[in-house]
Amino acid sequence: MKKWIPIATGLAAGFVAATIAFANVSPSLTTQASNSNTKSDAEKVYVPYGQKDEYYLFDSGGHSGQLFVYGVPSMREIRTIPVFSPDPATGYGFDTASKKMLGGYTWGDLHHPAISETNGNYNGKYLFATDVGNSRAAVVNLSSFTTKDIINVPNTSGPHCAAFVTQNTEYLFLPTRFAVPLGQEYQPLDQYSTKYRGVMSALTFNESKEKLNIAYQVALPPWSYDLSDAGKKSSGDWAVLTSYNTEEATTTLEINASQADRDYIVLFNWKELAQMVKDGKYEEVNGQKMIFPEKEKGGIYLVPVAKSPHGVDVTPDGKYFIASGKLAPMMTVFSFEKAFKAIENKDFAGERNGIPILKYKSVVEREVNPENALGPLHTQFDDKGYAYTTMFISSEIVKWNYKTGEVLDRVPVQYAPGHSVAAEGDTASPQGKYLVSLNKMSKDNFLSVGPSHPETMQLIDISGKKMRVIDTVPANPEPHYAQMIRADKIHTINVYPKDPSNPDAVYKQTDTRIVRKGNEVHVYGTAVRSRFTFDHTAKRPDSIEVNQGDHVFIHLTNIDFDEDITHGFAINSYNLNMEVQPGQTNTLDFIADKAGTYPLYCTNFCSALHQEMTGYLLVKPKN
Ligand code: K7E
Ligand code: CUA
């Protein structure tokens, strides 16, 4: 995201001048002073002890591969949810199930969380996210705040343009940032225009099994796809995504992908695409159903847009989509209705890669160009019909009316906002009230921690005519996008209910046992304040003895059915660690390849006798 701050050659002179201005003249002290918070601001963000926040904020952790959960307006961080990266604090990526889900990857790049929707509004049940780093998608259950499934998406590279869900969570679309040869086979870069493709994947989610599934894919031209949004109401069957590098440059994109005056918004009808798949209009590519638009017409169109757009956002009424041109200082409002009419009348201006191009003039509603506002990236909405667009380069939020183009207010933020997120601000019913600016730089806002500074989040009160920054907090890398949902829509469980059908679960200490099957040793144990029981008949029920080379499975059930009593399970020097939440059964498996004596212990401080919650793993040497 920071890539276009340096002075890029070949851009419009005004843009270059502004870029330099941004880089050299730090507005820090003056804007900060005029923007510093007052006692009444402090009162607005103060949530007294014993009271709860009004909103949950699910903030992307970028290349940490995690998701950070905050309360709004207090901006207190409540939880880290590991999604694409292992997390020792919860044993995520260590226990058998989550280790398998991570598939050997040790990091991910999570950009855009998306909460599941019903009729275009958040339903509070699940959250989806994609991994730009290793081309995966994940689903988080919001009743337990845990990751339930991760799927590798073949034929694709870097699904940045995701996740966004259709208005009843029918599909989750994953267009890619990087074009690659299908299947990522070797192809020289000279063959880029003919052999490389950007691919959009359509995923479905099976709620009863909590599993993601790839329904079909579309082989798009070899461009970079940046962001996307699903239609709503009258545009509910449609979705839009931005593209850049339609120049198909293969080197020095900073310059070469900014040559053409126009790139495209891809507009597609997902119901038509699903029908094409049903009608067999696809080819099998590495086990996936792939639609090739140059062979099978229909369902996909291109809308010319000012060069190198970044975000595209559908208005809450579903009537318009707004593209923000990171290199053209302008928000362009397009009309779905006009686009549908143009498609009906075949009012095309040629095609690219077999995809019809709609005429800009036939689809555009208006261009909005606030004076000296530079680097528009992403737009959110409030309950009054206003739009809020982040300006990365001029470091501000611009409030405007998308129906008239009138600019209503501007507020400086510190500094370089990427996305912002308003309360349910990308749904059919935005709440207004709060907007959080997700800033890429904090400069001198906090105590120094060396050359690299934290990112920041700024809470903005948008309830009045004028926006007002009421809080500034440091943020973990890297806040790309977030979702802000009313707290009363999230229904968490207190403890995991007993599951008698789970063969690994043991709910009574008298049922604990150690079963050997050849080289496999299965331990069915319990954790309760403050002891482990692995085999209640043994002389020392809290120790496990195996032979070197055994494949050991520790199936552990937390039989403390009390909220907040989580036990950990770690084996000293074996690099093993997992947690069992109240009522939960979890399995850790490993090869006991090191002979010796290894203390095992509970890692979560669970009672006054937590330090006593220990035992031994004894690994008898071979021979
Ligand atoms: Cu940082 Cu949405 Cu990945 Cu824009 S993205 S800022
Ligand atoms: Cu169980 Cu500490």
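Residues numbered from 1 in each chain as written. Chains lettered and ligands numbered in written order. Predicted model: local features only at pLDDT ≥ 70, side-chain atom pairs only at ≥ 80, totals over all residues. Heavy atoms only, no water.

A. Structural view of the overall build of the protein chain. Each helix and strand counted, the protein chain has nine helices and 43 strands in total. A compact globule built from 623 residues would reach a C-alpha radius of gyration of about 25 Å, and the protein chain, at 26 Å, matches this within 12%. When the backbone C-alpha atoms are referred to their principal axes, the protein chain occupies close to 85 × 65 × 45 Å. In the protein chain, which comprises 623 residues, the share counted as buried stands at 60%. Put simply, of all contacts in the protein chain between residues at least 6 apart along the chain, 60% involve residues at least 24 apart. (Helix = DSSP H or I, 4+ residues; strand = E, 2+ residues; numbered from the N terminus. Rg over C-alpha atoms; globule rule 2.2 N^0.38 Å. Buried < 20%, exposed > 50% of the residue type's maximum accessible area, 1.4 Å probe, protein only. Contact = heavy atoms within 4.5 Å.)

B. Region of the structure containing the domain arrangement of the protein chain. The domain boundaries assigned to the protein chain delineate domain 1 (7-373 + 384-489) and domain 2 (509-620). Relative placement of domain 1 and domain 2: their C-alpha centres are 43 Å apart. Each side of the interface is counted separately: domain 1 has 10 residues, and domain 2 has nine residues. Summed over both sides, the interface between domain 1 and domain 2 buries roughly 770 Å², with carbon and sulfur atoms accounting for 38% of that surface. Among the residues of domain 1 in contact with domain 2, Phe94, Asp95 and Thr96 are the three that bury the most area, contributing 55% of the side total. Put simply, domain 1 and domain 2 have zero salt bridges between them. (Domains from an automatic or database assignment. Buried area = accessible area lost by both parts, 1.4 Å probe. Salt bridge = Lys/Arg side-chain N within 4 Å of Asp/Glu carboxyl O.)

C. Quick peek at the pairing of strand S5 (residues 121-131). Counting buried residues along S5, nine of its 11 residues qualify, which places the element largely inside the surrounding structure. Looking at chain direction, strand S4 (residues 114-118) and S5 are connected through four bridges and run antiparallel. Across the sheet, Ala114 pairs through a bridge with Phe128, a residue of S5. In this antiparallel pair of consecutive strands, S4 and S5, the connection spans two residues, and Asn119 shows a positive phi of 50 degrees. (Pairing = 2+ DSSP bridges.)

D. Local environment of the sheet that holds strand S32 (residues 468-475). Strand order in the open sheet formed by four strands is S29-S30-S31-S32, and the pairing between neighbours is antiparallel. Two strands close off the open sheet at either side, each with one partner strand: strand S29 (417-423) and S32. Adjacent strand axes in the sheet meet at a mean angle of 20 degrees when their direction is disregarded. Looking at chain direction, S29 and strand S30 (residues 432-439) are connected through five bridges and run antiparallel. Along S30, the bridge assignment pairs Ala422 with Leu435. (Axes fitted to C-alpha atoms, helices over the stretch in contact; angles between N-to-C directions.)

E. The arrangement of empty space enclosed by the protein in detail. The full count for this structure, using the stated rule, is two cavities of 30 Å³ or more. Taken together, the elements giving at least two residues each to the lining of the largest cavity come down to S4, strand S8 (164-165), strand S13 (224-230), strand S19 (309-314), strand S25 (376-381) and S29. Per element, the largest residue contribution to the lining of the largest cavity is four residues, and it comes from S13. Of the residues in the lining of the largest cavity, the class split is nine nonpolar, nine polar and five charged. What the second largest cavity holds in volume is close to 60 Å³. (1 Å grid on protein atoms, 1.4 Å probe; cavity = no way out; pocket = protein on both sides within 12 Å on 5 of 7 lines; lining within 4 Å. Points joined across faces, edges and corners; volume = space filled by probe spheres on them. Nonpolar A, V, L, I, M, F, W, Y, C, P; charged D, E, K, R; others polar.)

F. Broad picture of the packing of aromatic side chains. Tallied over the full model, the rule gives 29 aromatic pairs. Chaining the aromatic ring pairs together yields one cluster made of Trp238, Tyr301, Phe321, Phe334, Phe336, Phe340, Phe348 and Tyr360. The ring of Tyr360 carries Arg262 above its face, with NZ or CZ at 4.2 Å from the centroid. In this structure, Lys326 is placed above the aromatic ring of Tyr244, and the distance from its NZ or CZ to the ring centre is 4.1 Å. (Phe/Tyr/Trp six-rings, centres within 6.5 Å; stacked < 30°, edge-to-face > 60°. Lys NZ or Arg CZ within 6 Å of the ring centre and 35° of its normal.)

G. Fine view of the environment of Val314. With respect to the helices and strands, Val314 occurs in strand S19. Residues Val314 and Gly231 lie 83 residues apart in sequence; the distance between their C-alpha atoms is 6.2 Å. If near-sequence neighbours (up to four positions away) are discounted, Val314 is found in contact with Asp229, Ala230, Gly231, Lys232, Ser235, Val240, Tyr320, Phe321, Phe336 and Phe381.

H. Spatial organisation of the site of ligand 1. Near ligand 1 lie 11 residues; those nearest to it are His111, His112, His160, His310 and His419. A per-class count over the shell around ligand 1 returns two nonpolar, eight polar and one charged. (Near = heavy atom within 4 Å.)

I. Up close: the side chain of Glu117. Secondary-structure assignment places Glu117 in strand S4. Despite being buried, Glu117 has no salt bridge partner; Lys232 is the closest side chain of opposite charge, sitting 6.1 Å away. (Lys, Arg positive; Asp, Glu negative; His and termini not counted.)

J. Representation of the nonpolar core within the structure. Formed by 27 residues in total, the largest nonpolar core has its most connected members in Ile554, Phe569 and Leu617. Elements represented by at least two residues in this core include exactly strand S35 (520-528), strand S37 (544-547), strand S38 (551-558), strand S39 (567-571), strand S40 (576-580), strand S41 (585-591), strand S42 (596-601) and strand S43 (614-620). Each residue touching Leu617, except ones within four places of it in the same chain, is listed here: Ile544, Val546, Ile571, Tyr574, Phe590, Gly596, Thr597, Tyr598 and Leu600. With 26 residues, the next largest nonpolar core counts Phe164, Trp223, Tyr264 and Leu302 among its residues. (Core = buried A, V, L, I, M, F, W, Y, C linked by side-chain atoms within 4.5 Å.)

K. Quick look at the sheet that holds S4. Strand order across the open sheet formed by four strands is S4-S5-S6-S7, with antiparallel pairing between neighbours. The strands lining the two open edges of the sheet, one partner per strand, are S4 and strand S7 (146-152). Neighbouring strand axes in the sheet, compared pairwise and without regard to direction, differ in orientation by 30 degrees on average. Pairing geometry for strand S6 (residues 136-141) and S7, over six bridges, is antiparallel. When the sheet's bridge partners are listed, Val139 is paired in S7 with Asp149.

L. Here's a closer look at the pairing of strand S2 (residues 66-72). Of all the seven residues making up S2, seven are buried; the element is thus mostly covered by neighbouring parts of the structure. Alternating residues of S2 divide into Gln66, Phe68, Tyr70 and Val72 and Leu67, Val69 and Gly71, and every residue in both groups is buried. In the sheet, strand S1 (residues 55-60) pairs with S2 via six bridges, with the strands oriented antiparallel. Across the sheet, the residue bridging to Asp59 is Phe68, located in S2. If you look at the hairpin formed by S1 and S2, you'll find five residues sitting between the two strands, and Gly62 has a positive phi there, around 50 degrees. With six bridges joining them, S2 and strand S3 (residues 76-82) adopt antiparallel strand pairing.

M. Layout of the UniProt feature "domain: Cytochrome oxidase subunit II copper A binding" (unreviewed entry) in the protein chain. Within this structure's numbering, the places UniProt gives as "domain: Cytochrome oxidase subunit II copper A binding" (unreviewed entry) are residues 518-623. Regarding residues 518-623, the helix share stands at 0% and the strand share at 51%, and the terminal C-alpha atoms are separated by 17 Å. (UniProt positions renumbered as here; feature names shortened; annotations may be inferred.)

N. Inspection of the environment of Ser308 at higher detail. Tracing the sequence through the fold places Ser308 in the loop between strand S18 (300-306) and S19. Through-space distance from the C-alpha of Ser308 to that of Lys399 is 22 Å; in sequence the pair is 91 residues apart. In contact with Ser308, other than residues within four places in its own chain, are Tyr244, Ala257, Ser258, Asp263, Gly325, Lys326 and Leu327.

O. Expanded view of helix H8 (residues 336-344). If you check which residues of H8 are buried, you get Phe336, Ala339, Ala342 and Ile343. Down the axis of H8, the sector holding all buried residues measures 120 degrees, keeping them to one side. For H8, the exposed residues set more than 90 degrees away from the buried face come down to Glu337, Lys341 and Glu344. Residue Ser335 occupies the N-cap position of H8, its side-chain oxygen lying 3.2 Å from the main-chain nitrogen of Glu337. Immediately beyond the C-terminal end of H8, within one or two residues, lies Lys346, with a positive phi of roughly 50 degrees. (Arc of directions from axis to C-beta. Polar contact = N/O pair within 3.5 Å; in protein donor to acceptor, adjacent residues only side chain to side chain.)

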